[in-house]
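Residue-level listing of the chains:
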2 protein chains.
Amino acid sequence: MSAYNVALVGATGAVGAEFLQLLETRDFPLGQLRLLASSRSAGTTIRFKDQDIVVEELTESSFKDIDIAFFSAGGSRSKQYAAAAIAAGAVVVDNSSAFRMDPSVPLVVPEVNPDALTGHNGIIANPNCSTILLVMVLAPLLKLAPIRRVVVSTYQAASGAGAAAMRELETQTAAILAGNAPEPEIFPHPIAFNLFSHNTAIDETGYNEEELKMVKETRKILSDDSLAVTATCIRVPIPRAHSESVNIEFVGERPSVAAIQSALAAFPGVVVVDDREANVFPMPLYASGRDEVFVGRIREDISCPNAIDLFLSGDQILKGAALNGYQIAECLIERGLLGGKK
Amino acid sequence: MSAYNVALVGATGAVGAEFLQLLETRDFPLGQLRLLASSRSAGTTIRFKDQDIVVEELTESSFKDIDIAFFSAGGSRSKQYAAAAIAAGAVVVDNSSAFRMDPSVPLVVPEVNPDALTGHNGIIANPNCSTILLVMVLAPLLKLAPIRRVVVSTYQAASGAGAAAMRELETQTAAILAGNAPEPEIFPHPIAFNLFSHNTAIDETGYNEEELKMVKETRKILSDDSLAVTATCIRVPIPRAHSESVNIEFVGERPSVAAIQSALAAFPGVVVVDDREANVFPMPLYASGRDEVFVGRIREDISCPNAIDLFLSGDQILKGAALNGYQIAECLIERGLLGGKK
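Residue positions within a chain follow its written sequence, with the count starting from 1. Ligands are numbered from 1 and chains lettered from A, in the order in which they are written. For a predicted model such as this one, the threshold for reporting local features is a pLDDT of at least 70, and the threshold for listing and counting side-chain atom pairs is 80 or more; totals across whole chains, interfaces and linings nevertheless cover every residue.

All right, on to the overall build of chain A then. Along its length, chain A carries 8 helices and 16 strands. Only C-alpha atoms enter the radius of gyration, while the globule expectation follows 2.2 Å times N to the 0.38, with N the number of residues. The C-alpha atoms of chain A give 20 Å as radius of gyration, which agrees with the globular expectation for 342 residues (20 Å, within 12%). If you line up chain A on its principal axes, its C-alpha atoms span 60 × 55 × 40 Å. Think of it as a crowd count around each C-beta: if 20 or more other C-beta atoms lie within 10 Å the residue is buried, if 12 or fewer it is exposed, and in between it is partly exposed, with C-beta placed from the backbone throughout. Across the 342 residues that make up chain A, the buried fraction comes to 55%. Sequence separation of 24 or more characterises 67% of the internal contacts of chain A that already satisfy a separation of 6 or more. The secondary structure listing takes helices from DSSP runs of H or I that are at least 4 residues long and strands from runs of E that are at least 2 residues long, numbered from the N terminus. Whether two residues are in contact is decided by their C-beta atoms, placed from the backbone, lying within 7 Å.

Residues and elements named next belong to chain B. In this scheme, strands are said to pair when DSSP sees at least two bridges between them. If you walk across this open sheet you meet the 6 strands as β11-β9-β13-β16-β15-β14, and the pairing is mixed. The open sheet has two edge strands, β11 (228–232) and β14 (270–272), and neither has a second partner. Averaged over all pairs of adjacent strands, the angle between their axes in this sheet comes to 25°, without regard to strand direction. With 9 bridges joining them, strand β13 (residues 241–250) and strand β16 (residues 307–315) adopt antiparallel strand pairing. When the sheet's bridge partners are listed, Glu249 is paired in β16 with Ala307. Note on definitions: angles span 0 to 180 degrees between N-to-C directions of axes, and those axes are lines fitted to C-alpha atoms, for helices only across the stretch in contact.

Let us look at the confidence of the model for chain A. The predicted coordinates should not be examined in detail at positions where pLDDT is low. Per-residue confidence from the predictor is reported as pLDDT, which spans 0 to 100. Taken as a whole, chain A shows an average pLDDT of 96; of its residues, 99% reach a score of 70 or greater. Interface predicted TM-score (ipTM) for the complex: 0.96; the corresponding pTM is 0.97.

Residues and elements named next belong to chain A. What fixes the domain bounds is an automatic or database domain assignment. Here chain A is described as being made up of domain 1 (4–126 + 321–334) and domain 2 (131–316). If you look at the interface, domain 1 gives 13 residues, while domain 2 gives 18 residues. In terms of residues, the side of domain 1 that touches domain 2 owes the most to one element, helix α8 (residues 318–334), which gives 3 residues. For this classification, the nonpolar set comprises Ala, Val, Leu, Ile, Met, Phe, Trp, Tyr, Cys and Pro, the charged set comprises Asp, Glu, Lys and Arg, and every other residue, Gly included, is treated as polar. Within the side of domain 1 that touches domain 2, the residues separate by chemical class into 7 nonpolar, 4 polar and 2 charged.

Moving on to the pairing of strand β7 (residues 91–94) of chain A. Residues and elements named next belong to chain A. What you see with β7 is no split at all: Val91 and Val93 on one side and Val92 and Asp94 on the other are buried throughout. With 3 bridges connecting them, β7 and strand β8 (residues 123–125) associate as parallel partners. In the strand pairing of β8, Val92 is matched with Ile123.

This brings us to the sheet that holds strand β6 (residues 68–71) of chain B. All names here are of chain B. Strand order across the open sheet formed by 6 strands is β5-β2-β1-β6-β7-β8, with parallel pairing between neighbours. In this open sheet, the two strands that pair with only one neighbour each are β5 (56–57) and β8 (123–125). Bridge count for β6 against strand β7 (residues 91–94) is 4 bridges, and the pairing is parallel. The residue bridging Phe70 from the neighbouring strand is Val93, located in β7. On the sheet, helix α2 (residues 75–87) packs against β1 (4–9), β6, β7 and β8 and is oriented at approximately 160° with respect to β7.

For the purposes of this analysis, a nonpolar core is taken to be any set of buried Ala, Val, Leu, Ile, Met, Phe, Trp, Tyr and Cys residues that are connected through C-beta atoms within 7 Å. Membership of the largest hydrophobic core comes to 220 residues, with the highest contact counts inside it found for Ala69(A), Val137(A), Ala69(B) and Val137(B). If we skip the residues at most four places from it in the chain, Ala69(B) touches Ala7(B), Val9(B), Phe63(B), Ala85(B), Ala90(B) and Val92(B).

A few words on the interface of chain A and chain B. With 50 residues of chain A at the contact, the number on the chain B side is 50 residues. When residues of the side of chain A that touches chain B are traced back to their parent elements, those giving at least two are β9 (147–155), α4 (163–177), β10 (196–197), β11 (228–232), β13 (241–250), α7 (284–287), β15 (293–300) and β16 (307–315) of chain A. Its residues assigned to classes, the side of chain A that touches chain B shows 27 nonpolar, 15 polar and 8 charged.

Looking now at the relation of the copies chain A and chain B. When the copies are superposed, the least-squares fit draws on C-alpha atoms of residues that have pLDDT of at least 70 in both. Superposing chain A onto chain B requires a rotation of 180° together with a translation of 0.0 Å along the rotation axis, leaving an RMSD of 0.0 Å. Accordingly, the operation relating the two chain copies is best matched by a two-fold axis.

The α-helix advances 3.6 residues per turn, and as a result positions three or four apart in sequence lie on the same side. All names here are of chain A. Each residue after the first adds 1.5 Å to the expected span of a helix. Across its 12 residues, helix α1 (residues 14–25) extends 17 Å between first and last C-alpha, which sits within 8% of the 16 Å expected from 1.5 Å per residue. For α1, the complete set of buried residues consists of Ala14, Val15, Gly16, Glu18, Phe19 and Leu20. Looking at the buried positions of α1, the neighbouring elements they touch are β1 (4–9), β3 (45–48), β6 (68–71), α4 and α8.

Attention now moves to the packing of helix α1 (residues 14–25) of chain B against helix α8 (residues 318–334) of chain B. Residue and element names in this part refer to chain B. Where α1 contacts α8, the two axes come as close as 9 Å, and the packing angle between them is 45°. Relative to α8, α1 is oriented oblique. Here the hand of the crossing between α1 and α8 comes out right-handed. Taking contact as the criterion, the partners of Val15, Glu18, Phe19 and Leu22 in α1 are, on α8, Leu318, Ala321, Ala322, Leu323, Gly325 and Tyr326. When its residues are assigned to classes, the contact of α1 with α8 shows 8 nonpolar, 1 polar and 1 charged. Geometric relationships in this document are graded by angle, where less than 35 degrees denotes roughly parallel, more than 145 denotes roughly antiparallel, 65 to 115 denotes roughly perpendicular, and other angles denote oblique. The sense of a crossing depends on the near helix, which, turned anticlockwise from the far helix by less than a right angle, makes the crossing left-handed and, turned clockwise, makes it right-handed.

The next thing to look at is the environment of Lys49(B). Residues and elements named next belong to chain B. Mapped onto the elements of the fold, Lys49 is located in the loop between β3 (45–48) and β4 (51–54). Look at Lys49 and you get exposed, because 11 C-beta atoms sit within 10 Å. Along the backbone, Lys49 and Thr25 are 24 residues apart, and their C-alpha atoms lie at a distance of 8.9 Å.

Attention now goes to α2(B). Residue and element names in this part refer to chain B. If you check α2, its first and last C-alpha atoms are 19 Å apart, about what 13 residues at 1.5 Å a residue would give, namely 18 Å. One axis fitted to the seven residues ending at a residue, another fitted to the seven starting there: the angle between these axes is the bend at that residue. Of all the bends found along α2, the most pronounced is centred on Tyr81 and spans about 40°. Listed as buried for α2 are Arg77, Ser78, Tyr81, Ala82 and Ala85. The inward-facing, buried residues of α2 contact β1, β6, β7 and β8. At the exit of α2 stands Gly89, carrying a positive phi of roughly 100°.

What you tend to see is this: most non-glycine residues have negative phi, and most peptide bonds are trans. Residues and elements named next belong to chain B. The residue Asp65 is not glycine, and still its phi comes out positive at about 70°. By secondary structure assignment, the location of Asp65 is in the loop between β5 and β6. You can call Asp65 partly exposed: it has 14 C-beta atoms within 10 Å. Of note, the phi angle at Arg297 is positive, near 55°, even though the residue is not glycine. Following the sequence through the fold, Arg297 ends up in strand β15 (residues 293–300). The exposure class of Arg297 is buried, given the 25 C-beta atoms found within 10 Å.

This is the structure in C-alpha cells:
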C-alpha cells in the first residue's frame, strides 16, 4: 500500500492540533510527517505517535517530497507559500479563505461535492466553518426539492478565532466570576457572558466577511449561483461548536417533515436529534468533539407555505475545519488525485 | 396630586425585585405598597426606601384598597387571584401569559399601542419579553411601510427563567471552570458554555410555546392578524439581556437603511447602535441594566429585494418585563384609566 508524506503548516494552532490528532488516531496511510510554523514557533516539539517531532520554520523549501500540504496558518501564509508547495509536487489543502472563491480552485465538502476535486490545479480549498455545517444540511434537502432562499443566523463558538480565543473565553469568564473586569485581548469585545456580531470587516452592503463567505461559498459548493442566502453571524460564549438557526424556502412545494428527517438521517455525517416530546435537540455541548453535524427543530414554517425551519450544531474545529480537510485528503487518495510519486 | 396604592404579587422574584427598584427610584405617585408572595416567602422582609416591608401571604383578601396590582408570580397565580384584585377595585397588570391572548384583555407596550388600554376590563397583560423587544423595533418600521413577514432567531438570557436560573448560570459556569460537571437543576440542559432550544412544550406544529407567543402576541400588539412571523427561540449563556436576529420583509419596496435608522432613532425607547467602521453593534452586556432596546446591523437583505436584516439587544428583566409593566401603570395613571378611588 502507498504511503503519503504530509506537511502541516500551522501545526501549533487549534486546527493544526486537531488535524494531527486525526492523523494519529485514524487509518491514514502516512509516510513522513513534517510540522511547519512561523519562526516564532519553530524549534518547539510536538508529540506524535510516541515521537517528538520538531516544528520547522516554514520556508519555500519546506515541501520537498511532500505529497499533501495542509495549510492552516491564515490567508497570507497560504498565498505566500502555496505555490512553493505545488512546485514541489504537493497538493495543497488550504483551510484559509485565500483561494476559496478562485474559479480554478475546488471548494469541497467531501460528502457534498467530491466530484469538484477532479481536475484540480494543485490547491483544494477547505470552506469556511459555518458554511460547511450549513451545506451538510442543505445538500440532502436538495435531493428532495430545489431551494430558493436561505435565511441563517449563527451562534458561533470562540474556537473559530483560534486557540487563544478559546483560552480568552475561559480566563475572562473566570475573572468575571471572581469579580474582575478584564480587558479583551483577542476579541474586540468581551466574550464572557456576552455575544456580539462577528468582528470581521463590513463592506458597503452592510454584511461582514463571515456572512459573505456563507453566501458565496454556499453557492459555489452547491453549484447554484442563483441560490438566495442571507446570513447574520454572531459570536457566542461557547468553546468549540457552532450552531445555526436556518429558514429554508423551497422553489415549489416543501417536502414533508418526515421526508426531510429521513433525507438528513440518510446523509453521511449528519445526525438527526429532534425529540419534541423530551425537548432534546442539537446542542453545542454535545456536538463538541464529535464528527457529525447534528440537526433538529425541523418544522414547517408557519409564516411561509414553502419554507421550513431547523437548527443545527457541529464542531467548528472538526467538521468545520480539520476533519473536513482530512476528509479532502482521504478523498484525493481514494480518487488517485494526488500529483506526486507513490 | 393623587397617590396610588400598589400591590406586588411575586415580590421576591427577579422581575418583582426590578419592579420594586423602579418604584423606589422613579417618580411614581406611590401611596401604600403591599408585597405579596406564596406562603413559603411570606414573613420575609424587603428593604424599600429605608423601610423594612414584611412580605404577606397572597390570598383573595390581599387587595383591599389597592389601585394597581402587578402580578409576576406565574400564570396559575394570576388566574387564581386576578379576579379578587379586580373585585377589590384594583387594575391588574399581569406579567404572566395567562390572559395575553384573551380578546377582552389589552396586550400593551406603551410606546407601541397605548390606545389599547382604553376600555380595559380590569386586566392589562404585559407581553412576553422577546415579543416586547421585537415590537419595539417593528412599530417604527411600520410607520415607513407595511410588513409582510418576519423571520426571527433569538439569543435569550437565563433571566427569562427567573432568578434561580441566573444563579444556575453563574454557579454551573464556576463549577465547570473548576473541573466539575454539575447536574442541571433549573434548566433541563447544561446552560454554562452551552445553548439550547427554549425548553417550553412543543405542540403539533413543531413550534415551542415561546415561539408561538412571539408569533401570536406580535400580531395582537400590532393589530395585524395577517402578519407572517416565524421564530426560533434559543437560550444562551448570558445573564439578563436578550438578543434577536431579525429578517423583515416588507409588502412592497423596502425603505432605505437611512430611513430605517432615522425612524428607529426617533422612536422612544430605541437606540440605534450601528457603527460598521468600528464594528460596534448591540450587545447584551451593554444592554443589561438599560431601559432601551438597542438595534443595529441594519442592512438590505441581499437574498430578497423587499427585505432587511437587523440585530437587537434589550434587558429582559427591564423592558422585557418589569419596566414595561411599570410603564403600563404610568400610562394608566396618565390616561385616567384606574378604576378605584383617588
